[in-house]
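Letter by letter, the chains look like this.
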Amino acid sequence: MAILVFEAEDEAGIRIDRWLADCSDLSRSRVQALVKAGAVKVNGEQVRSSYIVESGDVIEADVPEDVPLDLKPEDIPLDILYEDEDIIVINKPKGMIVHPAPGVYTGTLVNALLYHCQDLSGINGVIRPGIVHRIDKDTTGCIVACKNDFAHEAISAQLESKTCHREYMAVVTGNIVHDDGLIDAPIGRDPKDRQRMCVTDKNSREARTHFHVVRRFKSSTLVECTLETGRTHQIRVHMKYINHPVMGDVKYGKPCRYMDTQGQVLHAYKLSLVHPRTGEEMTFEAPLPEYFGQLLQMLEEESQR
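Residues numbered from 1 in each chain as written. Predicted model: local features only at pLDDT ≥ 70, side-chain atom pairs only at ≥ 80, totals over all residues. Heavy atoms only, no water.

What about the environment of Gln262?
Rule in force here: The numbering of helices and of strands both runs from the N terminus, where a helix is a DSSP run of H or I of at least 4 residues and a strand a run of E of at least 2. Any pair of residues with heavy atoms lying within 4.5 Å of one another is described as a contacting pair. What qualifies as a polar contact is a pair of N or O atoms within 3.5 Å, subject to a donor-acceptor requirement within protein and to the restriction that residues adjacent in sequence count only when both atoms come from side chains.
In this structure, Gln262 sits in the loop between helix H5 (234-241) and strand S15 (266-274). Residues Gln262 and Val250, twelve residues apart in the sequence, show an inter-C-alpha distance of 7.4 Å. Once residues lying within four places of it in the same chain are set aside, the contact partners of Gln262 are Lys94, Asp138, Gly248, Val250, Pro255 and Cys256. A polar atom in the side chain of Gln262 sits 2.5 Å from the backbone nitrogen of Cys256. From its side chain, Gln262 meets the backbone oxygen of Met259 in a polar contact 2.8 Å long.

Shown next, in the form of structure tokens:
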């Protein structure tokens, strides 16, 4: 563990994450992660990334030493939508975990990327190399990974400024009355179950999901959802909040009687971003997975009876 100590002089008016990144060899994303972990203190007190540095402040950062990557590359087939020297866009299948977690160190997207790519961005540490955002295990569709820190910083900035757009298709239970809507409700950890998130005013962050009704079936609705923010389980939590949980989502709803394999019917079908090096506006689309299409067919047939 390396402890970095700095004293601010004439840099008043700058956010702590930007200030510390400028004063060290740490990336801004790395600094933000350290702040979130409580490893950055100003005058002996923990602060948020939005803290504005004042002249005379003493800033301390406890930076963990780099740990050798112990994850093994695995020859797992990838459905690659796009790839170049900076980024790779994958159509993630149902059931694949994005990055390793305690007790799960194989079969993840990271294991597959380590085999496929020569190098990945190290900003998110040894467990999540190249990963700039994530989608849940049973959510399918577009996810971008970064091959270098330059690309990682650029895509992270787009996610933060909301210029990187993600659109999803979902089947939810019941018929949504309104054709379009905005769910604006803060999301935080469920105090009764730490494995779940919920809409709450306590220890939460703002969350906004736009939805558009694509098709109404007999007792369910196909919706298109666009994220304005990117909170954990956001669409799943927001749909439960309006009493239309995502079909098959056993964590926030009920099992789906149409499917043998459970898990939310949620697909990240479109991802739009600006290429970090060329500045080109790019849009990637992942076709609906087979199970999703089969479910829609069954729902359509049921509605016509």
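Read on for the rest.
Overview of the pairing of strand S7 (residues 140-146)
For clarity, the cut-off: Three labels apply to residues, based on accessible area from a 1.4 Å probe with only protein chains included: buried if under 20% of the type maximum, exposed if over 50%, partly exposed otherwise in between. Strands pair, by our definition, only if DSSP identifies at least two bridges between them.
In terms of burial, S7 is a largely internal element, seven of the seven residues being buried. Note: strand S6 (residues 87-92) against S7, six bridges, orientation antiparallel. The partner of Val89 across the bridge, within S7, is Val144. One ladder, built from two bridges, connects S7 with S15; its direction is parallel.

Quick look at the sheet that holds strand S10 (residues 187-189)
Our working definition: Where helices are involved, their axes are fitted lines through C-alpha atoms of the stretch in contact, as for all axes, and angles between N-to-C directions lie from 0 to 180°.
The antiparallel open sheet is built from three strands, whose spatial order is S11-S10-S12. Two strands lie at the open edges of the sheet, namely strand S11 (197-199) and strand S12 (204-205), each paired on one side alone. Where H5 meets the sheet, its contacts fall on S10 and S11, and the angle it forms with S11 comes to roughly 45°.

Looking at the pattern of salt bridges
Spelled out, the test is: A side-chain nitrogen of Lys or Arg and a carboxyl oxygen of Asp or Glu constitute a salt bridge if their distance falls within 4 Å.
Considering all chains together, one arrives at 14 salt bridges under this definition. With a closest N to O distance of 3.7 Å, Asp190 and Arg196 form a salt bridge. Taking the shortest distance from any N to any O, the salt bridge between Arg208 and Glu228 comes out at 2.6 Å. Here the residue Arg208 occupies a position in strand S13 (residues 208-216), and Glu228 occupies one in the loop between strand S14 (220-227) and H5, the gap between them amounting to 20 residues. For Glu228, a relative accessible area of 27% translates into the label partly exposed. Salt bridges linked by common partners bring Arg134, Asp136, Arg236 and Asp249 together as one network.

Some words on the environment of Asp180
Secondary-structure assignment places Asp180 in strand S9 (residues 180-184). A C-alpha to C-alpha distance of 34 Å links Asp180 and Leu78, two positions 102 residues apart in sequence. Look past the residues within four positions of Asp180 in its chain and what remains in contact with it is Phe211 and His212. One polar contact links Asp180 to His212, side chain to side chain, over a distance of 2.7 Å.

As for helix H4 (residues 149-161)
Quick note on the threshold: To estimate the expected span of a helix, subtract one from its residue number and multiply by 1.5 Å.
Here H4 spans 18 Å end to end across 13 residues, near enough to the 18 Å set by a 1.5 Å rise per residue. The secondary structure elements touched by the buried residues of H4 are helix H2 (28-36), S6, S7 and S15. Capping the start of H4 is the job of one residue whose side-chain oxygen sits 3.3 Å from the backbone nitrogen of Phe150: Asn148. Positioned one or two residues after H4, Lys162 has a phi angle of 65°, which is positive.

Here's the deal with the side chain of Arg208
On the accessibility criterion, Arg208 (13% relative accessible area) is buried. A distance of 3.0 Å separates polar atoms of two side chains, one belonging to Arg208 and the other to Glu206. A polar contact is formed between the side chain of Arg208 and the side chain of Glu228, at a distance of 2.6 Å. In contact with Arg208, other than residues within four places in its own chain, are Lys162, Leu182, Ile183, Asp184, Thr226, Leu227, Glu228, Thr229, Gln234 and His238.

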